[in-house]
Structures are given as structure tokens and as C-alpha cells.
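Coordinate analysis (summary)
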Amino acid sequence: MSARGVLGALLLQMLPLMLNPASAVAGLRWLRMEEPRNFGYFVGDTLQRHAYILVDPDDTLQAASLPKPGAVNYWLDLVSVEVRESRAQGGKLYRVTLVYQNFYVPLDPRKLTVPEWPLQLGGGSAVIPAFAFTASPIRELFPEKSGETVDTFLKPDARAALVSAGWAPHGLALSAAVALLTLALLAWHYAWWPFGARPDRPFTRAARKIAALAGNAVATANYRAALLALHRAFDAAAKRRLLADDVDGFLAQHPEFAACRAEIAKFFQSSREVFFGGSVAPLMPLDAVETLAAQLSAAERTR
Amino acid sequence: MNAWRLRLQQLWRGAGTALRAARGGLLVSVLIVGLVGMAAAIAAMIETSRQNAVIAQLADGRDVAVDPAAAPDALLLARHHFLIVHDQLDEAQIFAEIAAPRASPHIRALLLYNLGNARVRQAFGYIETADLDRAASAIGLAKANYRQALGIEPQNWNLKHNLDVAQRLVRDLPRGSASEEDDPPPGEKAKPLWSDLPGLPRGLP
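Note that the structure is predicted; figures quoted are calculated from it, not measured.

Once that is clear, we can look at the packing of aromatic side chains. Residues and elements named next belong to chain A. The full count for this structure, using the stated rule, is 15 aromatic pairs over all chains. Where Tyr 41 meets Phe 133, the ring centres are 5.1 Å apart and the plane angle is 75°; that geometry is what we call edge-to-face. Here Tyr 41, found in the loop between β1 (28–34) and β2 (46–55), pairs with Phe 133, found in strand β9 (residues 131–135); they are 92 residues apart in sequence, far enough to count as distant. The pair Tyr 41 / Phe 133 is uniform in exposure class, with both members buried. Aromatic pair Phe 267 and Phe 268: ring centres 5.3 Å apart, planes at 75°, arrangement edge-to-face. In terms of burial, Phe 267 and Phe 268 fall into one category: buried. Ring pairs connect the aromatic residues Phe 203, Phe 234, Phe 250, Phe 257, Phe 267 and Phe 268, which therefore count as one cluster. In this structure, Arg 32 is placed above the aromatic ring of Trp 30, and the distance from its NZ or CZ to the ring centre is 3.7 Å. Note that Arg 37 overlies the ring of Tyr 41, its terminal NZ or CZ placed 4.3 Å from the centroid.

Here it is, written out as C-alpha cells:
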């Protein structure tokens, strides 16, 4: 192997090192902390720290090197760790949010220190610095001197409060009002009590009258009364006395009854026979009159 | 243009006619909705007064069975407190453990708070009979309860207060060979236990 060959091989081995000088420099550009106040913490208080870490764009923060939520030491818990990644200043910006909870019970205001935490980057490392804060007591040093006893040391137990009915009374009032209102509208629509005498529902009234008559049927007087009731309903609907010859005009004015045209014609014919022809076996039996009245009653509700 | 307007008018009239024809059915549907709403509201009010009756009975000292796996939050707290007041601490502990996963965070914190209080009171009893070992272990359980509850409700002041009481009875000390920086400054460890407890038997360790 020539000297030149040896040199070449040597260069080839060094090539990766020369091509990748970044690994030595790469990594952390800066780390800045956003700390909470460092005084006036009571037992159980939480403190939230933000660490802003700017690294080169091809570098990464090793997730495994982040602290894990849990007890840091006997008086401090790490409640949560959250990492947010974004681009900034031509690099990668990490925001690490650490929430701690202090459980130290001091007897007098006392300086406590959240320990530092090293972070691993792809190339290099960073350290979240320690944070010192002052914890304060919440009780007297000697409460018994001011008259406290074993019975008053503890704040009282939490008792179950009576349950409030919440929305239910309002819901009941509202739905009852809705139900009553719709019931009233329905009564008006179907001409039920107290709207039984509603002038817009002549056929409904006639149908009821005829249905009552049909109960004790057979008698001719009943049949005549039924015919008369329906006649009065036609008169009321037409707002004038309606005769057999006027039926076409009436139906043109009130198209909602047009579906019963044949039955109506039959009714007028039957009525003429009974009242003027002296017919004993009417063309239209009583229950047919009743059916017609019911149909007309349904038809007038669509107006 | 005119044809369009005519068509629109026809559509409008058709919709009006259809709506008028459907009036009866619509009203019946609205009535049904109203009645169902009334039924639901009445059922909710009956349930509320039933719960309040149970709460009042338990507060009165009459036991009413409450299923920790199904009962609503208010009943959980009421029955749990009944067990505690009637010296059934182990049952209360089990009750809280069954109830915790489905109780609201606030109720969970209160269950733990009441358990902690009960343990501290138990410890007071042990201290009076000079049974300091059992007192210390009861306080340890109370502190764990309070700490867990504070994790749920960091700003509950009664919790903070009573954890302070428990801590002063038996102070937490660094576990094992904790590093020096975790140590609170020395001096406190030299303090005698029970330093702020009145009427304590003196001369005990």
C-alpha cells in the first residue's frame, strides 16, 4: 500500500468527523426561565414554571430526559409536565411547563428550593435551574396558647349539603304552561268545551248533535232532526239559507268540502224527498248522514 | 320574473295550506312534549326530595343503606360521614375507595378530607392512652389522605389547615438517604414531637 493510499484511508476515516462538526456545537442556543413569584406559598399551593429552550432546527429534546410527574421529594410533588414545540429564530423552540405542588408545612417563613433538572438534547444538554421560594405558615406556632384545644384544632368535617332541585321547578312551570296552552289551542281547534259553540265549526256541532240522535235511532222524528241539524250547519257555513240548487256555488266558495260533492248532493235530494215528497224509505240512511257530517266536520278544520 | 313570483306564491300558499291541515297533529305533538317535560321535572323533584330525606336521616343518626357504586354524590358524602361519626372508619375507608372513581372531584376531595379528619381524631384518642406508635401511624394515614385531597383541590383552605395540624403532630422527614438539599434546614428535627399538643403525657419519647 502506497503512502498516498494510507493518507487516503486516513482521510476517509476522518471524513465523518469533518463533515459533522456541528455535533460539537449543535444543541442548545439558549434556555430562559419564566418563574412564578418566589414568596408567599402555603401548604398545597401549586407553582408553575416555564422553561423556554431554543435549539438548532435539527436538534431535538429527548422526551425521556424530562422529569416524570410524581413525588420529587417528601414535600414537593411534580403535578404535570407539558412540552410544546414551535419554530422561532431559525431554530426549534421548546416550552416545557412544570407544575409543582408544595406540601411543606413551615413553622416560620422558610426558604425552600425546587431542585434543578438536567435535560438531554440530541447533541448537548441543558439544565432547568433550581428555584428557591419562601413558604409561609398558615397557623400560629402555639395555637394552644390562644385557647385552642384538641377539639378545635381541626377544621370541621365536610357535611353533605341538601340537594337543590335546580332546574326542575322552572322546567315544571314551563312545560305545564306549554301543555296548558296547547290544550287550550286544541280545544279551540276541535271546538271542545269551552269553545263548543265556536261559529267557525258548524259541521262539528251538527255532527255531535247527529251522533247523539243516532244513539236512539229509528224514529222518523230523529231522522228529520238530523237532516235539519245538517241543514242549519250548511246555512251557517254558507252564511245564508242553502238550497239544493246552490250547492255548486257553495262548493266553489268552499273548496275544502268538494271531496264530499256526491254525498252532499245525495243529502239534499234525500232531504227534499223526506220533507216534501213524503218518502218513508229515505235515500240516505241515518248513519250515512252521520258519516257525512263527520267528514264535513273534519274538512272544516282544515280551513 | 313574473313566472317565478307566481311559482313562489303558489309554494307559499301550498305550505300555508299544509300547515293549516297539520295544525291538529302539531298541537298534539307539542302537548305530548309538554306532558313529557312535566313528567321529567316531577320525577327530578321527587328524586331530589328523596335524596334530601336520606341526607336528613343520615344526619339524624339513622342509618340508611347507600350503594357507593351507584348513589349520587350528595348521598355518598352523607353516608360516608355517617360511617365516620359512628366509628366505622374501616367501612368508611372501603366506602370511599368504591365511591371515588365515579364521584366528582370535589366530593372525592371531601371524602378524603373527612377520612383524614377521622384519622387525626383517632390519633388524639391514641395519644391520650399514650399509644404513640398507633397515633403516629394514624397521623401518617391522615396526611396521605389530606395530600391526595389537596392534589385534587389545591385551594381548599380547610384541607391546608388540617394537613398543617397533622404535619405538626408528626412531621414528615426525608425518606431514606435523601440528598442534603432536600432536607429542610436542621433544627426542626430536634423539636420534640407533639410540640403543640396540650395536655400531653410528658417524659415519653
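Another aspect to go through is the nonpolar core. Nonpolar side chains in soluble globular proteins tend to end up buried together. Grouped together as the largest cluster of nonpolar side chains are 54 residues, with contacts concentrated most on Leu 58, Val 66, Val 120, Ile 139, Tyr 146 and Leu 169 of chain B. Secondary structure elements with two or more residues in this core: α2 (23–60), α3 (73–85), α4 (89–99), α5 (105–128), α6 (132–152) and α7 (157–169) of chain B. Counting residues per element, this core draws most heavily on α5 of chain B, which supplies 13 residues. What Leu 58 of chain B contacts, discounting residues up to four positions off in sequence, is Asp 63, Val 64, Val 66, Ala 78, Arg 79 and Phe 82 of chain B. Judged by nonpolar contacts, the second largest core, of 31 residues, contains Tyr 223, Leu 227, Val 247 and Leu 251 of chain A.

This part takes up the interface of chain A and chain B. Of the residues lining the interface, 58 residues belong to chain A; the matching set on chain B comes to 65 residues. Of the roughly 5,400 Å² buried between chain A and chain B, counting both surfaces, carbon and sulfur atoms make up 64%. Run the count over chain A and chain B and you get four salt bridges. Put simply, Asp 157 of chain A and Arg 121 of chain B hold a salt bridge, and the shortest N to O gap is 3.0 Å. Taken together, the connections running from chain A to chain B amount to 22 residue pairs in polar contact (both at pLDDT 80 or more). Looking at the side of chain A that touches chain B, the elements with two or more residues in it are β3 (70–73), β4 (76–88), α3 (150–153) and α4 (168–189) of chain A. Per-element tally for the side of chain A that touches chain B: the top contributor is α4 of chain A, with 13 residues. Of the residues that constitute the side of chain A that touches chain B, the class distribution is 35 nonpolar, ten polar and 13 charged.

The rules behind these values
Residues numbered from 1 in each chain as written. Chains lettered and ligands numbered in written order. Predicted model: local features only at pLDDT ≥ 70, side-chain atom pairs only at ≥ 80, totals over all residues. Heavy atoms only, no water. Phe/Tyr/Trp six-rings, centres within 6.5 Å; stacked < 30°, edge-to-face > 60°. Helix = DSSP H or I, 4+ residues; strand = E, 2+ residues; numbered from the N terminus. Buried < 20%, exposed > 50% of the residue type's maximum accessible area, 1.4 Å probe, protein only. Lys NZ or Arg CZ within 6 Å of the ring centre and 35° of its normal. Core = buried A, V, L, I, M, F, W, Y, C linked by side-chain atoms within 4.5 Å. Contact = heavy atoms within 4.5 Å. Buried area = accessible area lost by both parts, 1.4 Å probe. Salt bridge = Lys/Arg side-chain N within 4 Å of Asp/Glu carboxyl O. Polar contact = N/O pair within 3.5 Å; in protein donor to acceptor, adjacent residues only side chain to side chain. Nonpolar A, V, L, I, M, F, W, Y, C, P; charged D, E, K, R; others polar.

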